[in-house]
Amino acid sequence: MSFNLHKLLQKQKKNILELWMKNQLADEGLREDLISNEDLRGQSEELISSLVNNLTSNDMEDLDGDNWNPVIEILGGIAITRARQGFSPRETGRFVFSLKDALLSILQKEISDPKVLFEESSKISRVMDNLSIITFETFIKGREEVILRQTDEIAEISTPVIRVWDGILALPIIGTLDSSRTQIVMENLLQEIVETGSSIAILDISGVPAVDSLVAQHLIKTVSATRLMGAECIISGIRPEIAQTVVHLGIDLSNIITKASLATALAYAFKVLKLEVKRTTIAKN
């Protein structure tokens, strides 16, 4: 990139910003619900200043150079923030592509020589395309972090350990039980057994849509881990169709206490702990 072009971009920095803002504000997909015009302008101005200052004649297209670190950090921060705010990849891409359009428009307006215009426009395009790729990669990483965090939060919510009585814990399982969820179930249950000193744990699977050999193995592992902690484990919520499936698959649950409902499992736990719950009649005045 020639010194004259670098000087031109420095001189036209304000015009580039205004044209870029005009392009963004005219976009029908502008998410004013996620970012204000003031914040959008702040992001754009910061990126423009860093970008123009780092367009040098020696290593313009070498984005691995140290001089490009500030630009990449700014773009990365914007991409991560937008991923967390709920922007789509297309909306994030428009942010960079509209800047490219603004830069090329300024070049077309200020450079009269067609050959020079083509050469410098090509260089600008390659730089902006590479920056777009970096932005997308960072955005995807940010979105993956959001998804992983939400997955962990959902897993925690969907596997709550409830202390239903002194010495009795219940863990209602909702949804498919896979290896990762089994690990979470065991960790939560074992931790609660240690903290409460409970001797009975009830695994209620009435919210599990289907039981196959893999799910059964996961349940058996959970029961075994619970017993190693010195607590008895009861599986409740065995619906007729699940019972038929277990028998058809030849899964042996004979050494595990199973009950048809959480209520019957709780009644059994009371019996084991020699507890008696009675209905009392309140005298009316």
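This structure is a prediction, so every number in the text was calculated from the model and none was measured.

*Asks:* What should I look at first to understand the packing of aromatic side chains in this one?
*Replies:* The description of an aromatic ring pair uses the distance of the two centres, along with the angle that the planes make with each other. Within the structure shown, the criterion is met by 3 aromatic pairs. Judged by centre distance (4.9 Å) and plane angle (50 degrees), the rings of W20 and F95 are tilted. With W20 in helix 2 (residues 13–25) and F95 in helix 5 (residues 89–110), this residue pair connects regions lying 75 residues apart in the sequence. The buried category is assigned to F95, whose relative accessible area is 3%. Ring centres of W165 and F270 lie 4.9 Å apart, and the angle between their planes is 70 degrees; on these two criteria the pair is classed as edge-to-face. Placement of W165 in strand 1 (residues 162–165) and of F270 in helix 10 (residues 262–272) is noted, with a sequence separation of 105 residues between them. Its relative accessible area of 40% is what places W165 among the partly exposed residues. The ring of F87 has R82 lying over it, and the distance from NZ or CZ to the ring centre is 4.6 Å. Directly above the aromatic system of F95 lies the positively charged group of R82, at a separation of 4.5 Å from the ring centroid.

Rules behind the numbers
- Residues numbered from 1 in each chain as written.
- Predicted model: local features only at pLDDT ≥ 70, side-chain atom pairs only at ≥ 80, totals over all residues.
- Heavy atoms only, no water.
- Phe/Tyr/Trp six-rings, centres within 6.5 Å; stacked < 30°, edge-to-face > 60°.
- Helix = DSSP H or I, 4+ residues; strand = E, 2+ residues; numbered from the N terminus.
- Buried < 20%, exposed > 50% of the residue type's maximum accessible area, 1.4 Å probe, protein only.
- Lys NZ or Arg CZ within 6 Å of the ring centre and 35° of its normal.

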